[in-house]
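Commentary on secondary and tertiary structure
Each chain is listed here by its residues.
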Amino acid sequence: MSIPEAIAAARERIDAASAACGRSEAVTLELAAKTRTPEECHAAATALRDAGLPILLGHNRVQEARATQAAIREVPGARIHLIGPLQTNKINQALACVDAVETLSSAELARRIDARATRPLPVFVQVNVSGEATKSGCAPDAVAPVVDAVSECANLRLAGFMTVGLNSTDEAPVRHAYARLRSIRDAAAARTGIDAASLELSMGMSRDMAWAIAEGATIVRLGTAVFGAR
């Protein structure tokens, strides 16, 4: 299956999942471009544009974002998000090549990014709602200080929340974790006075996308479902 065909199939799955749970608002497809070549990333960005979809690619590693950004940005309107952990020694490199960071996990990291940013930067707070030791992100009870830190930063803007789903094929606990992120988002909105509807929920991947959409995902991150096996 070609990349354009895979994107069309992914959109059909997203639309079907939205219809099944009675949602009418749009769910954005973010292409997780881990290990993909500049040529693959350019082809994907072009296919998203040609399909009339938001042109959004996510990278797990700053060095991969740097290596592919020129190819991606050849497509007007393309955006690049960092969806992997950001090390403090990579902040300057990240700021030079990404449009948003979805993996903010501490108040200290927020302050360090803000100190080096020279333009407004949307950030998502990454929350480990599954509690799995292998997952990145702050604990649910540590979200408030991170949100407060963002609000105090001159250059950072809270754009949403992100999580990696529970590694399980059991629907109930996976959905429970996603529902918890939605509750965290709503609580943060109430505390800060930000409209909850303006805060993204980046959650759900190929295996559990429908469950994430049912619990309010506004962005789903798909990789191999579009690009094929690595």
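Once a new chain begins, its residue numbering starts again from 1 and follows that chain's sequence as written. Totals for whole chains, interfaces and linings use all residues, but because this is a predicted model, local features are given only for residues with pLDDT of at least 70 and pairs of side-chain atoms are given and counted only at 80 or more. The side-chain numbers reported here are obtained from all heavy atoms of the structure, hydrogens and water having been left aside.

**A closer look at the environment of N128**
If you trace the backbone, N128 turns up in the loop between β5 (121–126) and α6 (143–152). Residue exposure (1.4 Å probe, protein chains only): buried if accessible area is under 20% of the type maximum, exposed if over 50%, otherwise partly exposed. Given the relative accessible area of 12%, N128 is considered buried. For the pair N128 and C138, spaced 10 residues apart in the sequence, the C-alpha separation amounts to 5.7 Å. We call two residues contacting when some pair of their heavy atoms lies within 4.5 Å. What N128 contacts, discounting residues up to four positions off in sequence, is K135, S136, G137, C138, P140 and T163. Under this definition, polar contacts are N or O atom pairs within 3.5 Å; protein pairs additionally need one hydrogen-donor-capable and one acceptor-capable atom, and for neighbouring residues in sequence, both atoms have to be side-chain atoms. Polar contacts involving the side chain of N128 include one to the side chain of S130, which spans 3.1 Å. Of note is the side chain of N128, whose polar atom sits 3.4 Å from the backbone oxygen of K135. For the purposes of this entry, the term helix denotes a DSSP run of H or I that reaches at least four residues, the term strand denotes a run of E that reaches at least two, and both are numbered from the N terminus.

**Side note on the pattern of salt bridges**
The term salt bridge refers to a side-chain nitrogen of Lys or Arg lying within 4 Å of a carboxyl oxygen of Asp or Glu. On inspection of all chains with the given rule, the structure shows 13 salt bridges. With a closest N to O distance of 3.1 Å, R73 and D99 form a salt bridge. You can see R73 sitting in helix α3 (residues 62–73) and its partner D99 sitting in the loop between α4 (91–95) and β4 (100–104), a full 26 residues away along the chain. For D99, a relative accessible area of 24% translates into the label partly exposed. Linking E108 and R111 is a salt bridge whose minimum nitrogen-to-oxygen distance equals 3.8 Å. Pair noted here: E108 and R111 are both in helix α5 (residues 107–116), with a separation of 3 residues, about one helical turn. Judged by its relative accessible area of 39%, E108 falls in the partly exposed class. Each of E171, R175, R182 and E215 takes part in one network of salt bridges that share partners.

**Section: α6**
Among all positions of α6, only V143, V146, V147, A149 and V150 are buried. Along α6, the residues classed as buried sweep out an arc of 160 degrees about the axis, all on the same side. Turned more than 90 degrees away from the buried face of α6, the exposed residues are S151 and E152. Where α6 is buried, its residues touch β4, α5, β5, β6 (156–162) and α7 (171–192). Working definition: the arc comes from the directions between the helix axis and the C-beta atoms, pointing outward to the latter.

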